[in-house]
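# A look at the structure
Listed below are the residues making up each chain.
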Number of protein chains: 2
Amino acid sequence: MVKKTTIYDIAENLGLTAATVSRALNNNPKISEKTRKLVQKTALLMNYEQNTLAKALKSGKSYNVGVIVPRIDSNFFASVIRGIEEELYPKGYHVIICQTHDQEEQEIGNINSLLSAQVDGILMSITNAQTKSNIFESISKKNVPLIFFDRKKDIANVSSITIDDFDGAYQATKHLIKQGYKRIAHLSNDRRLEIFKNRFLGYKQAILDSGLEYDESLIIETHSKVLAGRASTKRLLSLENPPDAIFSTSDFSALGAIQEIKSQGLRIPEDISVVGFSNEPFTRFMELSITSVDQSPIEMGRKAALVFLEEVDKSLKTKKAQQIVLQPELIIRKSSLKTNL
Amino acid sequence: MVKKTTIYDIAENLGLTAATVSRALNNNPKISEKTRKLVQKTALLMNYEQNTLAKALKSGKSYNVGVIVPRIDSNFFASVIRGIEEELYPKGYHVIICQTHDQEEQEIGNINSLLSAQVDGILMSITNAQTKSNIFESISKKNVPLIFFDRKKDIANVSSITIDDFDGAYQATKHLIKQGYKRIAHLSNDRRLEIFKNRFLGYKQAILDSGLEYDESLIIETHSKVLAGRASTKRLLSLENPPDAIFSTSDFSALGAIQEIKSQGLRIPEDISVVGFSNEPFTRFMELSITSVDQSPIEMGRKAALVFLEEVDKSLKTKKAQQIVLQPELIIRKSSLKTNL
DNA sequence: TTGTACGCGTTATCAC
DNA sequence: GTGATAACGCGTACAA
C-alpha cells in the first residue's frame, strides 16, 4: 500500500502545523491568503486526498445515505434512485443501495447494517406492512433521518414522498368508464400497504361516482408479477359474468392479464380493456402498448433527497415531518383506447 | 443525538480498561472466559454498537465496496449486483452502487468519488472503450482491488469475470442456421468493447463455418435501445436483398427489431427470425417470446465478489489476476423456432 | 494569523 | 490475562 499523504506531511514539508494546513484546506476565514494558496498548491503537488474516514469519525457523519427498495430491477425504483443520486452526489453524499426482495427479514437486516455502517440517513420504500414499527422508530430515535417514498407507513415525525395513488387510480378507472366499459375489475395487491389501499379506494370511488355497480367479485388481490396477474385474470375470465375491463395496480400483473386474455382468443381493447400502473418502459414498447399511470419517479427521488438534506443537520426536536404528495399522470395507450380503432 | 455507548463506557462500568473490553468483544484468545462473558453481556445490556468509522480509521478499511455499472434498471446488471451482495453481505461488506448512464465523465467521476470514499475495492462493468486506461491503473496503484465483470478492458493485473461471448454468439447464429435461415443480419454495438467485438466474431465464425456467405452489409452497429434497434432494422429491411434472420447483441434492440418487422406486416419467425442477447425477463413474457442468450448474471456477480475477497487482503505483489469465463446458455423461444409452427 | 493540545472510538504493542 | 499508551487522520477550542 502506497502511504497516503496526510495533512501532517504537508505541514512538515512547509514548516507549518497540521492545524494550519487543515484550516487552509477548509478555507477557514482566519488564515492568510498567502498560506492558503501555498498549502493548497503543495497539497495538490503531494497528491493529498482527504481521509474521509477520519473526517467522518471526527464529525460523526459518514456522508453515506442508505436507500432501501424492494428491488432495483424495476424502472420505477431505479429511477427514484437516480433522482436521489442527482440531488445527493453534488452535495458529497454517497448512496448505498439495499434490496429487500420483498422479505421482511431482509428489510430489518438492511436497516440494521445501514445503521451500523453509520449512514447519515435512510430513504426507503417499505416492503411489508407488517414490519414492526419499532424498528422504524429506533431509526428516528438515533436521530438518523428516515424518509419514506412510495410505500410508506404512518409514523410520527417521519416524512414521506408519495404520489396521489387515489387520484391515479380514480383517473384510470374514470378513463375506462368514459370508454364505455361497465364491468371493470381490479387487480389489487396487499392492501395493508397504503399505496395499494389507496389505489383500490380510488378505483372504487370512480365506480360509485359513475353510478356503476360495485361488485366485490371483480376485486382480486394478487402480486406485482406477470404470472400472478395472469392467474388472477384467468379467474376473472371464468366468472359467470366476466369483466369487460381490468385496472391493475401494477404493470407487471397487467402484462400477465394481457397474456391470459390473448391466450383465450379475446381482443384488446375491443372485448376487454387493460390499464396498468407505474408506466414501466415495457408498457410503451409492447406491440400492444399498455395504458398506465406515471408516477414521476425521478421527481419523487429528488424530493426525497431534498427532504433528507433539510433534515440531516437538524435535531429531532426542531424538525417538522412533511408529507409530500405528487400528482400522477394517466398515459393513455392502445390497451384501453377503444375509440381509436 | 443520543450519546452512543463506547467501549470506554463499558470499561468504566466494569472497572476494566477499554483495551480489555475491545479484546473481549473481538474474541481475542488471551482473555479469560469469565471477563469475555461479562463484557459481552454488559455490552448487550448497554446497547453497545461498534463504531465502524473508528474501526475503519484504525484498520484503514471501510468495509464498503463500490460497484459501477452503466445502469441498474436492466435485469442483467441488477442481477449481477444481487450476486455480489449475496457473497459480500455475509462478510460484513456494504455495496455502494454507482451508475454511469453510459457517460465517460460519470464513469471517471464515480471512480474518483468511490476512491475518496475509501472503498476497499471496485467492481465494475466499463462504459466506454475509450476511457483512458490510466484512471484504472491509478486504482490498482492504490492497491484497491479492481475487478471487471461483463464489459472489461485488458489491463495488467486486473481480474475479470465474463461470459464466453464468442461462444454465445456462435451458438445463437448456429441455431438460426440450423433452422434454415441463410441471410442472417447482426445488430452489433460499439465493437471497441470486447463483449460486442466477441459477439460479432462468434457470429461471423458461425457464418463462415457453415459455408454461408458473409455479407458486411448485414452488420449494423447500433445501441442497446429499443428505438435504435428499430431504426437499424428498418435499414436492414430496405436492403435490396434483406435478411431472413437477425441476431442482435442486445435484447432491447431485438425488441425494436421485432416491432419494426411486425409493423411492416412480416411474420416472425416465418418470414424473418430474431434472436437477442441477455435473456432479459421481457423476452420470456412477450406474447412472441424472444430467443436469447443467458449470461448467468447472478453467478457472474458471485464470482466477481469472490475474486474481490481473495484480493482484498493481499498486497499488489502477491496477487495474481484471474480471468474467469462463464459459459452462456442459448434459450430458444418462439421468435426463432420455425419448426415448432 | 498561527500553534498547542485534545478528542473522535478503536485496536495493536508493549509492559506487568 | 489485563492495563497503559500510542496511533489512525482530522478538526477545533483555546492560547499565543
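Residues numbered from 1 in each chain as written. Chains lettered and ligands numbered in written order. Predicted model: local features only at pLDDT ≥ 70, side-chain atom pairs only at ≥ 80, totals over all residues. Heavy atoms only, no water.

Under an unreviewed UniProt entry, chain A has the name LacI family DNA-binding transcriptional regulator and belongs to Polaribacter marinaquae.

### Structural notes on the protein's contact with DNA strand D
In the vicinity of DNA strand D lie 24 residues, with A:Tyr48, A:Gln50, B:Thr20, B:Arg23 and B:Thr35 positioned nearest. Residue A:Ser22 places a side-chain N or O atom 3.0 Å away from a phosphate oxygen belonging to DNA strand D. Only helix 1 (7-14), helix 2 (18-25) and helix 4 (52-59) of chain A together with helix 2 (18-25) and helix 4 (52-59) of chain B provide two or more residues apiece to the surface near DNA strand D. For the surface near DNA strand D, a count of residues per class yields nine nonpolar, 10 polar and five charged. (Near = heavy atom within 4 Å. Polar contact = N/O pair within 3.5 Å; in protein donor to acceptor, adjacent residues only side chain to side chain. Helix = DSSP H or I, 4+ residues; strand = E, 2+ residues; numbered from the N terminus. Nonpolar A, V, L, I, M, F, W, Y, C, P; charged D, E, K, R; others polar.)

### Side note on the environment of A:Ile332
Residues and elements named next belong to chain A. Mapped onto the elements of the fold, Ile 332 is located in the segment after strand 12 (329-331). On the accessibility criterion, Ile 332 (42% relative accessible area) is partly exposed. C-alpha of Ile 332 to C-alpha of Ser 133: the two residues are 199 residues apart in sequence and 38 Å apart in space. Setting aside its immediate chain neighbours within four residues, Ile 332 contacts His 175, Thr 291 and Leu 337. (Buried < 20%, exposed > 50% of the residue type's maximum accessible area, 1.4 Å probe, protein only. Contact = heavy atoms within 4.5 Å.)

### Notes on the relation of the copies chain B and chain A
When chain B is fitted to chain A, the residual RMSD is 0.1 Å, and the transformation amounts to a turn of 180° plus an axial shift of 0.0 Å. Both copies are brought into coincidence by an operation consistent with a two-fold rotation axis. By residue overlap, the copies meet face to face through one surface: 98% of the interface positions of chain B are interface positions in chain A. (Least-squares fit on C-alpha atoms with pLDDT ≥ 70 in both.)

### A closer look at the sheet that holds strand 8 (residues 245-248) of chain B
All names here are of chain B. In space, the four strands of this open sheet follow the order 7-6-8-9, with parallel pairing throughout. The open sheet terminates on both sides in strands that have one partner only, identified here as strand 7 (219-221) and strand 9 (273-275). Strand-to-strand twist across the sheet, computed as the mean angle between neighbouring axes with direction ignored, equals 15°. The pairing of strand 6 (residues 184-188) with strand 7 spans three bridges and is parallel. Residue pairing across strands places Leu 187 opposite Ile 220, the latter belonging to strand 7. (Pairing = 2+ DSSP bridges. Axes fitted to C-alpha atoms, helices over the stretch in contact; angles between N-to-C directions.)

### Quick look at the packing of aromatic side chains
Applying the stated criterion across every chain, the model contains 14 aromatic pairs over all chains. With a centroid separation of 5.0 Å and an interplanar angle of 65°, the aromatic rings of B:Phe76 and B:Phe77 are classed as edge-to-face. What makes B:Phe77 buried here is its relative accessible area of 3%. Chaining the aromatic ring pairs together yields one cluster made of A:Tyr63, A:Tyr93 and A:Phe308. It is A:Arg191 that lies over the ring of A:Phe200; its NZ or CZ is 4.3 Å from the centre. The ring of B:Phe285 carries B:Arg284 above its face, with NZ or CZ at 4.9 Å from the centroid. (Phe/Tyr/Trp six-rings, centres within 6.5 Å; stacked < 30°, edge-to-face > 60°. Lys NZ or Arg CZ within 6 Å of the ring centre and 35° of its normal.)

### Quick notes on the protein's contact with DNA strand C
Close to DNA strand C lie 25 residues, the nearest being A:Thr20, A:Arg23, A:Thr35, B:Tyr8 and B:Tyr48. Per the 4 Å cut-off to the protein, sugar and phosphate atoms form 61% of the nearby atoms of DNA strand C. With respect to DNA strand C, the side chain of B:Tyr8 contributes an N or O atom lying 3.3 Å from a base oxygen. Broken down by secondary-structure element, the contributors of at least two residues to the surface near DNA strand C are helix 2 and helix 4 of chain A together with helix 1 (7-14), helix 2 and helix 4 of chain B. Looking at the surface near DNA strand C, its residues break down into nine nonpolar, 10 polar and six charged.

### Overview of the interface of chain B and chain A
Contact with chain B, which involves 45 residues of that partner, is made by 45 residues of chain A. Between chain B and chain A the total buried area reaches about 4000 Å² when both faces are included, carbon and sulfur atoms providing 55% of it. When the area that chain B buries against chain A is broken down by residue, the three leading residues are B:Leu53, B:Phe285 and B:Glu287, summing to 16%. Summed over the shared surface of chain B and chain A, the number is 14 residue pairs in polar contact (both at pLDDT 80 or more). Tallying contributions element by element places strand 2 (residues 94-99) of chain B first for the side of chain B that touches chain A, with six residues. Looking at the side of chain B that touches chain A residue by residue, the classes come out as 21 nonpolar, 14 polar and 10 charged. (Buried area = accessible area lost by both parts, 1.4 Å probe.)

### Some thoughts on the pairing of strand 8 (residues 245-248) of chain A
All names here are of chain A. Here strand 8 shows a buried face lined by Ala 245 and Phe 247 and a second buried face lined by Ile 246 and Ser 248. Relative to strand 8, strand 6 (residues 184-188) is paired through four bridges, and the arrangement is parallel. Its bridge partner lying in strand 8, Leu 187 is registered against Ser 248. Relative to strand 9 (residues 273-275), strand 8 runs parallel, the two being bridged by three bridges. Bridge assignment links Phe 247 to a residue of strand 9, and that residue is Val 275. In the classification by handedness, the crossover that spans strand 8, the intervening helix 11 (residues 251-263) and the parallel strand 9 is right-handed. (Right-handed = clockwise from strand over helix to strand, strands pointing away.)

### Remarks on the packing of helix 1 of chain A against helix 2 of chain A
Residue and element names in this part refer to chain A. The contact between helix 1 and helix 2 brings their axes to 8 Å, and the two run at 110°. The pairing of helix 1 with helix 2 is recorded here as roughly perpendicular in orientation. Of the residues in helix 2, those touching helix 1 at Ile 7, Tyr 8, Ile 10 and Ala 11 are Ala 18, Val 21, Ser 22 and Leu 25. Partitioned by chemical class, the residues of the contact of helix 1 with helix 2 number seven nonpolar, one polar and no charged. (Parallel < 35°, antiparallel > 145°, perpendicular 65-115°, else oblique.)

### Looking at the UniProt feature "domain: HTH lacI-type" (unreviewed entry) in chain A
When the UniProt feature table is mapped onto this chain, "domain: HTH lacI-type" (unreviewed entry) is found at residues 5-59 of chain A. Between the C-alpha atoms that bound residues 5-59 of chain A the distance is 21 Å, and the span itself is 67% helix and 0% strand. (UniProt positions renumbered as here; feature names shortened; annotations may be inferred.)

### Looking at the sheet that holds strand 6 of chain A
Residue and element names in this part refer to chain A. The four strands lie next to each other as 7-6-8-9, forming an open sheet whose pairing is parallel. Of all strands in the sheet, those bounded by a partner on one side alone are strand 7 (219-221) and strand 9. Taking the axes of each pair of neighbouring strands and ignoring which way they run, one obtains an average angle of 15° across the sheet. In the packing of helix 9 (residues 194-209) onto the sheet, the strands contacted are strand 6, strand 7 and strand 8, and the crossing angle to strand 6 comes to about 170°.

### Quick notes on the pattern of salt bridges
Residues and elements named next belong to chain A. Per the counting criterion, the structure on display carries 34 salt bridges over all chains. Between Glu 33 and Arg 36 there is a salt bridge, with the nearest N and O atoms lying 3.3 Å from each other. Taken together, the residues span about one helical turn, with Glu 33 and Arg 36 both in helix 3 (residues 33-45) at a distance of three residues. Using a relative accessible area of 44% as the deciding quantity, one classes Glu 33 as partly exposed. In this structure, Asp 215 engages Arg 183 in a salt bridge whose closest nitrogen and oxygen atoms are separated by 3.1 Å. In this pair, Asp 215 sits in the loop between helix 9 and strand 7 while Arg 183 sits in the loop between helix 8 (165-178) and strand 6, placing the two residues 32 residues apart along the sequence. Of the two residues examined, Asp 215 and Arg 183, each falls in the buried class. One connected set of salt bridges, linked through shared partners, spans Arg 82, Glu 86, Glu 87 and Arg 302. (Salt bridge = Lys/Arg side-chain N within 4 Å of Asp/Glu carboxyl O.)

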